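The lines below spell out each chain.
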Amino acid sequence: MIILFSGFALAKKWDLQEAPELSGNGRGYLLLISAAASVCSTCVLSVGSVMEKFDNITDIILMGILSGCILFASVMDMLSNKVYDFIWWLAAASELIIYIWHPVSVWGLVCLTLFFVIQEIFLVKLYGRADCHAFCICAVMESIFGMDITGFLMHMIFSFFLLSAAQYFAGNIDKKGNLKTPVPFVPYITMAFWINLLVFLHGK
């Protein structure tokens, strides 16, 4: 909670001109804080009880912070069509600590490196930089649970499927299969991450 409120204070002070949705009459600002705090608290309470990978309170807290960052990024993307870098820094720091305690195989590191290159160099032209960061952050956590490049690609497929399905029923896809109006992608990446992870864990 302290991190979330501190982040919003920084956003409000230094980026108010570019993200007026976070201020104005205060409604967007309050919505963002409430949503982020709620989902972060929910993750902290639930993740540890359903995932045997984490067996101590520190792991559960770090996973809760990571989950909160991803969902927090989704809310920001929906409200202001941008995601602040401090969210990815916080998520990456949490993952680094988890990674030290739960190291992956050499093959896992190779898969992560390849996926990072694909996202940050090649696919960044297809969608936004924040979307690439979101996929990479999720891939690190997926690798900790034992996924390789196949799992990362399945996450991408789930994300595009959710986006396509939602926008099709919303009437936002033209005859050529393109979006009529661009929409935030991070929320779909977040939903697909949990679906992909739960399906993988259930399969194990």
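Residues numbered from 1 in each chain as written. Predicted model: local features only at pLDDT ≥ 70, side-chain atom pairs only at ≥ 80, totals over all residues. Heavy atoms only, no water.

Asks: Describe the overall build of the chain, naming the residues involved and giving the relevant values.
Replies: Along the chain, the regular secondary structure elements total 8 helices and 0 strands. The proportion of buried residues among the 204 residues of the chain is 46%. Pairs at least 24 apart in sequence give 69% of the contacts found in the chain among residues at least 6 apart. (Helix = DSSP H or I, 4+ residues; strand = E, 2+ residues; numbered from the N terminus. Buried < 20%, exposed > 50% of the residue type's maximum accessible area, 1.4 Å probe, protein only. Contact = heavy atoms within 4.5 Å.)

Asks: Help me get a handle on the packing of aromatic side chains, residues and values and all.
Replies: Aromatic ring pairs are defined here through the distance separating the ring centres and the angle between the ring planes. Under the defined criterion, the tally for this structure stands at 9 aromatic pairs. On the numbers, 5.3 Å between centres and 55° between planes, the contact of F115 with F152 is tilted. Of the two residues, F115 is situated in helix α5 (residues 106-122) and F152 in helix α7 (residues 149-169); the sequence distance between them amounts to 37 residues. Just as F115 is buried, F152 falls in that class too. With a centroid separation of 5.8 Å and an interplanar angle of 45°, the aromatic rings of Y127 and F135 are classed as tilted. Looking at Y127, the relative accessible area reads 10%, which means it is buried. The buried category is assigned to F135, whose relative accessible area is 0%. Linked through ring pairs, Y127, F135, F160 and F185 together constitute an aromatic cluster. (Phe/Tyr/Trp six-rings, centres within 6.5 Å; stacked < 30°, edge-to-face > 60°.)

Asks: How would you sum up the side chain of N196? Please name residues and give values.
Replies: Tracing the backbone through its elements, the reader meets N196 in helix α8 (residues 186-203). Judged by its relative accessible area of 5%, N196 falls in the buried class. Contact partners of N196, with chain neighbours within four places excluded, come to E142, M147, G151, M154, H155 and F158.

Asks: Describe the nonpolar core, and please don't skip the residues or the numbers.
Replies: Ranked by size, the top nonpolar core spans 44 residues in total, and within it M141 and F152 carry the most contacts. Going through the elements one at a time, α3 (57-80), α4 (85-101), α5, α6 (129-144), α7 and α8 are the ones with two or more residues in this core. If you tally residues by element for this core, the top one is α6, at 9 residues. (Core = buried A, V, L, I, M, F, W, Y, C linked by side-chain atoms within 4.5 Å.)

Asks: I'd like to hear about a nonpolar patch on the surface, residue by residue, with values.
Replies: A cluster of nonpolar side chains, contributed by L96, I97, I100 and W101, occupies part of the molecular surface with about 430 Å² of accessible area. Within the fold, I100 resides in helix α4. Residue classification places I100 among the exposed positions, given a relative accessible area of 60%. (Patch = residues over 30% accessible without salt bridge, like charges linked within 9 Å, V, L, I, M, F, W, Y side chains within 5 Å. Areas by Shrake-Rupley, 256 points an atom, 1.4 Å probe, with all protein chains shown as cover. Salt bridge = Lys/Arg side-chain N within 4 Å of Asp/Glu carboxyl O.)

Asks: Would you mind going over the confidence of the model for the chain in detail, with residue names and values included?
Replies: Summing up the model confidence of the chain, the mean pLDDT is 77 and the portion of residues at 70 or higher is 72%. Scored below 50 in pLDDT, residues 13-25 shows 20 contacts in the model against residues more than four places distant or in partner chains. (pLDDT = per-residue confidence, 0-100.)

Asks: How would you sum up α3? Please name residues and give values.
Replies: Under the 1.5 Å per step criterion, the end-to-end length of α3 is 34 Å for 24 residues, consistent within 8% with the ideal 34 Å. Immediately beyond the C-terminal end of α3, within one or two residues, lies N81, with a positive phi of roughly 60°. (Expected span 1.5 Å × (residues − 1).)

Asks: Run through the pattern of salt bridges, naming residues and quoting values.
Replies: According to the stated counting rule, one finds 1 salt bridge in the structure shown. For the salt bridge of R129 with E120, the shortest nitrogen-to-oxygen distance reads 2.8 Å. Residue class for E120 comes out partly exposed when judged on its relative accessible area of 21%.

Asks: Tell me about the environment of S74, and please be specific about residues and values.
Replies: Checked against the element boundaries, S74 lands in helix α3. Residue class for S74 comes out buried when judged on its relative accessible area of 5%. At 2.7 Å, the side chain of S74 and the side chain of T190 are in polar contact. (Polar contact = N/O pair within 3.5 Å; in protein donor to acceptor, adjacent residues only side chain to side chain.)

Asks: Tell me about the packing of α7 against α8, and please be specific about residues and values.
Replies: Two elements in contact, α7 and α8, have axes separated by 8 Å at closest approach and are oriented at 130°. Classified by the interaxial angle, the pair formed by α7 and α8 is oblique. The interaxial crossing formed by α7 with α8 has right-handed handedness. When α7 is examined against α8, the residues G151, M154, H155, F158, S159, L162, L163, A166 and Q167 are found in contact with a partner set consisting of Y188, I189, M191, A192, F193, I195 and N196. Broken down by class, the residue content of the contact of α7 with α8 amounts to 11 nonpolar, 5 polar and no charged. (Axes fitted to C-alpha atoms, helices over the stretch in contact; angles between N-to-C directions. Parallel < 35°, antiparallel > 145°, perpendicular 65-115°, else oblique. Left-handed = near helix turned anticlockwise from the far one by under 90°. Nonpolar A, V, L, I, M, F, W, Y, C, P; charged D, E, K, R; others polar.)

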